[in-house]
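Residue-level structure breakdown
Residue strings, one per chain:
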Amino acid sequence: MLSIFLIFVAVLMLFFVMSSIKVVHQGYNYTIEHFGRFIAIAQPGFNFYPAFFYRVGRKVNVMEQVLDIPGQEIITKDNAMVAVDGVVFFQVLDAAKAAYEVSDMYLAILNLATTNLRTVMGSMDLDELLSRRDEINGRLLAVVDNATESWGIKITRVELKDIRPPADIVNAMTRQMKAEREKRATILESEAARQNEINRAEGLKQAQILEAEGRKEAAFRDAEARERSALAEANATKLVSDAIEGGSTQAINYFIAQKYVEAIGMFATSPNAKTILFPVEATQLMGTLGGIGELTRGIMGDHGGLPAPTPPAPRPGRPTAQAGVPTTQGER
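Residues numbered from 1 in each chain as written. Predicted model: local features only at pLDDT ≥ 70, side-chain atom pairs only at ≥ 80, totals over all residues. Heavy atoms only, no water.

The subject of this paragraph is unusual backbone geometry. In this structure, Phe35 takes a positive phi of about 55° despite not being glycine. Within the element layout of this structure, Phe35 appears in the loop between β2 (28-34) and β3 (37-42). Judged by relative accessible area, which is 62%, Phe35 ranks as exposed. Even without being glycine, Phe52 reaches a positive phi, approximately 70°. Tracing the chain through its elements places Phe52 in the loop between β4 (45-48) and β5 (54-61). Since its relative accessible area comes to 62%, Phe52 is described here as exposed. (Helix = DSSP H or I, 4+ residues; strand = E, 2+ residues; numbered from the N terminus. Buried < 20%, exposed > 50% of the residue type's maximum accessible area, 1.4 Å probe, protein only.)

According to the stated counting rule, one finds 12 salt bridges in the structure shown. Across the pair Glu128 and Arg132 runs a salt bridge, and its minimum N-O distance is 3.1 Å. Taking the relative accessible area as the measure of exposure, Glu128 reaches 24% and is therefore partly exposed. Accessibility expressed as a relative area gives 31% for Arg132, which makes it partly exposed. Put simply, Asp162 and Arg164 hold a salt bridge, and the shortest N to O gap is 3.1 Å. A relative accessible area of 27% means that Asp162 is categorised as partly exposed. Where salt bridges share partners, they join Glu217, Arg221, Glu224 and Arg228 into one cluster. (Salt bridge = Lys/Arg side-chain N within 4 Å of Asp/Glu carboxyl O.)

On to the environment of Leu130. Tracing the chain through its elements places Leu130 in helix α4 (residues 126-131). Contacts of Leu130, omitting those with residues within four sequence positions, involve Ile163, Pro165 and Met173. (Contact = heavy atoms within 4.5 Å.)

This part takes up the sheet that holds β2. Read from one edge to the other, the open sheet built from 3 strands follows the order β3-β2-β5, with strand pairing classed as antiparallel. Two strands lie at the open edges of the sheet, namely β3 and β5, each paired on one side alone. The average angle at which neighbouring strand axes cross in this sheet is 30°, direction not considered. (Pairing = 2+ DSSP bridges. Axes fitted to C-alpha atoms, helices over the stretch in contact; angles between N-to-C directions.)

Right, dumping it as structure tokens:
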């Protein structure tokens, strides 16, 4: 009987020791209660608390966790119905508060995120919801994290997974986007046409400036040429005047004969006249020819010049010109 008793005591002591050993896995914290009252946190590893006097109250996961927010129908500020779902990332920093400050932390976080999601998104227009997701995530994170701070829980991120507007609003937005793109394309085309016209006008302006510069340069050159021609004519006239003043009439006779011959040549080459009538007095013509001959002899005489030519004899059957009698082109 003694042996049986000792064996029973040994088994009971072994059971007591085994029940008193608490092995906590990594990533978890256990709350230790003494007759129902929280007294300590069992950290990961080996822990010994006498059985029957101490027990594990809650096993709290202290790793970062993710909680899905189910789809919600939310009415926006401009009365548009949208379906929204998201996720919440959180981590328990204080296992005692998470175990004893809130009854069910998962349900509490889910309800808190859902209500604040409706509050934040309900105060915004549809366009803001679609274009300002980062702002929505930031506002939700600030509100939910502030509310869960007293529970020993840290909200690390709040993300919206999807925002689904109604089909008619999606179609309207598609048409609006298409119209906006067509508007931008039209504006770009008009800007291109405007720039093209500006470039063309600039080119025309530069061409006109260059043309004006060319005309200016040509006019300057023409004026310079006329000035030089006038200067030469003035010099020639001065020389003739000096010759006449010196008593020589050869120079004046030479210029008169030259102009006379040029005038007759212009009459003869006129394309608009078939018959030319002009009075020619034989005495004046002979005087002019004589003046030319005298001028020639005077010029060439100093160099052993040639004898003066005699006027040609009239041909038989051809009448000679009489003074004051007009002749025609056919008679000459």
